[in-house]
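# Structural features, examined
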Amino acid sequence: LALSRHTNLLEVLEIPQVMETCVRNGYYEEALELSAHMRRVDKKHGGIPIVKAIARDVESSMTLMLSQLLQQLRGSIQLPACLRVVGFLRRMEVFSDTELRLKFLQARDHWLQSVLGAIPSDDPYHHISKTIEASRVHLFDIVTQYRAIFPDDDSILSSYSSSSGSSYVEGALFYSWVNEKVWQFLHTLEGDLRRGVGMRLDSLLGQCMYFGLSFSRIGTDFRCLIAPIFVRVIVGNFRLTVRNAKHSFHEAMKKLTLVTPLRGLSSSLPTYVSTSTQSLTPPHSLLDYPPLAVLTNTLIQAFNDLRQCAPLALGPEISQELRRLLESVVHDIGEYHKVE
């Protein structure tokens, strides 16, 4: 009997080796067919120890296959390959639909973070420029892949606001992931802007607005979250410059020794005040008063930096900082006059 069934027995005994060869060489279609065949054999002859051992070996190969498929999702992969890999994962019946969505997002997020982490961070402008480009391209690709693989999520917003149940959970899962990626980008943006990007704020603002606008195609236009970040950073830089100027002027007034009296404190208006709106050059008379000359140069530099990117929302904050500066300057000059 054994000799008459020799061929069939040999086929069953070789299943683990063939299975491992298929998995290691990427023949996942054949591996799934062998696994299904072995499950049928195990169900029919599960009481035989050798069959149980073969079934365990096949399951071990299936575990390796699962690891390889998830590893492919953690790398650079195009949509057709994504569809193929997720198709194999579905046929393996290891994850529920919600778990499969979660695994997909985790794997693609792992790859995205590796891409962003590889961008050199020495130069803040270069880092944020490359981050904007990489985030815009790769995030959109991941969203496109997700929607192609899980087409029941027609819109992340409509899914998020749909009725309760598994569809609500799945929609909320995807929406939460996209939301987290947007906030992660905004956090990186603010950090690099605070490190200093020179006179290129206007260029970065344009890039960020284009990034936010491009995501309106997937219902995630986040341009309204970008402007406040730029306003905070610009105001913070201007405030720091003004406060340093205020401190420098205060210290300089303590050490000031004038050869000529303060003309600006005479009863009549200074003769160097020009009523012409054409001349924007500071008067040379300021050179007689070094603290005022340094303060003027600092403010001119601050306004030159400001004009590169000056949203209207800056108005109230800038006005308040200037008012405080001028009040402090007038107070210091008054105190100096009393002492003199």
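Criteria and cut-off values
- Residues numbered from 1 in each chain as written.
- Predicted model: local features only at pLDDT ≥ 70, side-chain atom pairs only at ≥ 80, totals over all residues.
- Heavy atoms only, no water.
- Helix = DSSP H or I, 4+ residues; strand = E, 2+ residues; numbered from the N terminus.
- Buried < 20%, exposed > 50% of the residue type's maximum accessible area, 1.4 Å probe, protein only.
- Contact = heavy atoms within 4.5 Å.
- Areas by Shrake-Rupley, 256 points an atom, 1.4 Å probe, with all protein chains shown as cover.
- Axes fitted to C-alpha atoms, helices over the stretch in contact; angles between N-to-C directions.
- Parallel < 35°, antiparallel > 145°, perpendicular 65-115°, else oblique.
- Nonpolar A, V, L, I, M, F, W, Y, C, P; charged D, E, K, R; others polar.
- Patch = residues over 30% accessible without salt bridge, like charges linked within 9 Å, V, L, I, M, F, W, Y side chains within 5 Å.
- Salt bridge = Lys/Arg side-chain N within 4 Å of Asp/Glu carboxyl O.
- Phe/Tyr/Trp six-rings, centres within 6.5 Å; stacked < 30°, edge-to-face > 60°.
- Expected span 1.5 Å × (residues − 1).

## Observations concerning the overall build of the protein
- A count of helical and extended segments in the protein gives 13 helices and zero strands.
- Burial statistics for the protein: of 340 residues in total, 36% are counted as buried.
- For the protein, long-range pairs separated by at least 24 residues make up 69% of all intrachain contacts whose partners lie at least 6 apart in sequence.
- Total accessible area on the protein stands at roughly 19900 Å², and carbon and sulfur atoms take up 57% of it.

## Things to note about the packing of helix α7 (residues 124-149) against helix α10 (residues 201-214)
- Running from N to C, α7 and α10 cross one another at 10 degrees; their axes reach a closest spacing of 10 Å. Here α7 is positioned roughly parallel relative to α10, judged by the angle of their axes. Between α7 and α10, the contacting residues are Tyr125, Ile128, Ser129, Ile132, Ser135, Arg136, Leu139 and Phe140 on the first element and Ser203, Leu204, Gln207, Cys208, Tyr210, Phe211 and Ser214 on the second.
- Here the residues of the contact of α7 with α10 are counted per class, giving nine nonpolar, five polar and one charged.

## What about unusual backbone geometry?
- Phi at glutamate 93 is positive, roughly 55 degrees, even though this residue is not glycine.
- By relative accessible area, glutamate 93 is classed as exposed at 68%.

## Examining a nonpolar patch on the surface
- Residues Leu13, Ile48 and Ile50 make up a contiguous nonpolar surface patch of about 270 Å² in total accessible area.
- Along the chain, leucine 13 falls in helix α1 (residues 6-13).

## Let's talk about the environment of valine 115
- You can see valine 115 is positioned in helix α6 (residues 97-117).
- Here the alpha-carbon distance between valine 115 and serine 76, two residues 39 residues apart in the chain, equals 9.5 Å.

## As for the packing of aromatic side chains
- Going through the model one piece at a time under the given rule, you end up with eleven aromatic pairs.
- Measuring from centroid to centroid gives 6.2 Å for phenylalanine 104 and tyrosine 146, while their planes differ by 50 degrees, and the two rings are tilted. Highlighted residues: phenylalanine 104 in helix α6 and tyrosine 146 in helix α7, separated in sequence by 42 residues.
- What makes phenylalanine 104 buried here is its relative accessible area of 1%.

## Section: helix α11 (residues 223-255)
- Its 33 residues give α11 an end-to-end C-alpha distance of 49 Å, which sits within 8% of 48 Å, the value for a rise of 1.5 Å per residue.
- Among all positions in α11, only Ile226, Ile229, Phe230, Val231, Val233, Ile234, Val235, Phe238, Val242, Ala245, Phe249 and Met253 are buried.

## Some words on the environment of serine 129
- Position of serine 129 among the secondary structure elements: in helix α7.
- Judged by relative accessible area, which is 13%, serine 129 ranks as buried.
- Expressed as a C-alpha distance, the spacing of serine 129 and isoleucine 119, which sit ten residues apart in the sequence, is 9.9 Å.

## Structural notes on the pattern of salt bridges
- This structure, assessed with the given rule, holds 14 salt bridges.
- Ionic pairing is found between arginine 91 and glutamate 29, a salt bridge with its closest N-O pair at 2.9 Å. Placement of arginine 91 in helix α5 (residues 79-92) and of glutamate 29 in helix α3 (residues 28-44) is noted, with a sequence separation of 62 residues between them.
- With a relative accessible area of 40%, arginine 91 lands in the partly exposed category.
- The partner of arginine 239 in a salt bridge is glutamate 321, and the shortest N-O contact between them spans 2.9 Å. Of the two residues, arginine 239 is situated in helix α11 and glutamate 321 in helix α13 (residues 315-339); the sequence distance between them amounts to 82 residues.

Remember, this is a structural readout, not a statement about activity or role.
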